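# Structural features, examined
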Amino acid sequence: QVQLVESGGGLVQFGESLRLSCAASSRRTFSIYTMAWYRQAPGKQRELVADITRGGSTKYADSVKGRFTISRDNAKNTVYLQMNSLKPEDTAVYYCSGEFTVSFNRRTYWGQGTQVTVSS
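Quick look at the structure, then. (Residues numbered from 1 in each chain as written. Predicted model: local features only at pLDDT ≥ 70, side-chain atom pairs only at ≥ 80, totals over all residues. Heavy atoms only, no water.)

### A closer look at the side chain of Arg67
Under the convention used in this document: Counting from the N terminus, the helices are the DSSP runs of H or I reaching at least four residues and the strands are the DSSP runs of E reaching at least two. Polar contacts here mean pairs of N or O atoms no more than 3.5 Å apart (in protein, one a potential hydrogen donor and the other a potential acceptor; neighbouring residues in sequence count only if both atoms are side-chain atoms).
Counting through the fold element by element, Arg67 comes out in the loop between β6 (58–60) and β7 (68–73). Within the structure, Arg67 has its side chain in polar contact with the backbone oxygen of Ser63 (distance 2.9 Å).

What follows is the structure in structure tokens.
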């Protein structure tokens, strides 16, 4: 009922930057609450990278603090992840997620993921 479409992934070198975007859409009226970025590296569990509440409060994983910035544009139903000073250990599939209310039902939706690869 809600589609999340990520973009902006790719292959970069150590120390470079990328900006991920995630746009939400639906044929039904919806409300968005907390939005987040997760990542999953090969052989590892999916982990929270950062999240942002509707009011703009943010939380980050210790491994990305000071390098990544999450933001959102509520008018565009879009969340962003600015990633600076990228390291090879940031290599993963990055997933966008969000808490939505659609037709009075609240649940979490996920995007399809976008690959980020950082070479050393």
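What follows picks up the thread again.
### Structural notes on the environment of Asp73
What counts, and what does not: The buried label goes to any residue with under 20% of its type's maximum accessible area, the exposed label to any with over 50%, and the partly exposed label to all in between, with areas taken from a 1.4 Å probe on protein chains only. Any two residues whose heavy atoms approach within 4.5 Å at even a single point are treated as in contact.
Mapped onto the elements of the fold, Asp73 is located in strand β7. Residue Asp73 is classed as partly exposed on the basis of its relative accessible area, which comes to 25%. Taking the C-alpha atoms as reference points, Asp73 and Gly56, 17 residues apart in sequence, are found 9.8 Å from one another. Discounting residues that sit within four places of it in the chain, Asp73 has contacts with Thr78 and Tyr80.

### Concerning the nonpolar core
Put simply, the rule reads: We call a set of buried Ala, Val, Leu, Ile, Met, Phe, Trp, Tyr and Cys residues a nonpolar core when their side-chain atoms join them within 4.5 Å.
If you look at the biggest cluster of nonpolar residues, it comprises 31 residues, and the most contacted ones within it are Trp37, Leu81, Met83, Tyr94 and Phe100. Secondary-structure elements contributing two or more residues to this core are β3 (18–25), β4 (30–40), β5 (47–52), β7, β8 (78–83), β9 (92–102) and β11 (114–119). If you tally residues by element for this core, the top one is β9, at five residues.

### Re the pattern of salt bridges
How we decide: By definition, a salt bridge exists where a carboxyl oxygen of Asp or Glu is found within 4 Å of a side-chain nitrogen of Lys or Arg.
Tallied over the entire structure, the rule returns six salt bridges. A salt bridge links Arg39 to Glu47, with the nearest nitrogen and oxygen atoms 2.7 Å apart. Owing to a relative accessible area of 35%, Glu47 belongs among the partly exposed residues under this scheme. With a shortest N-O distance of 2.7 Å, Asp90 and Arg67 are connected by a salt bridge. Taken together, the residues span a long stretch of sequence, with Asp90 in the loop between β8 and β9 and Arg67 in the loop between β6 and β7 at a distance of 23 residues. Exposure remark for Arg67: the relative accessible area of 11% places this residue in the buried category.

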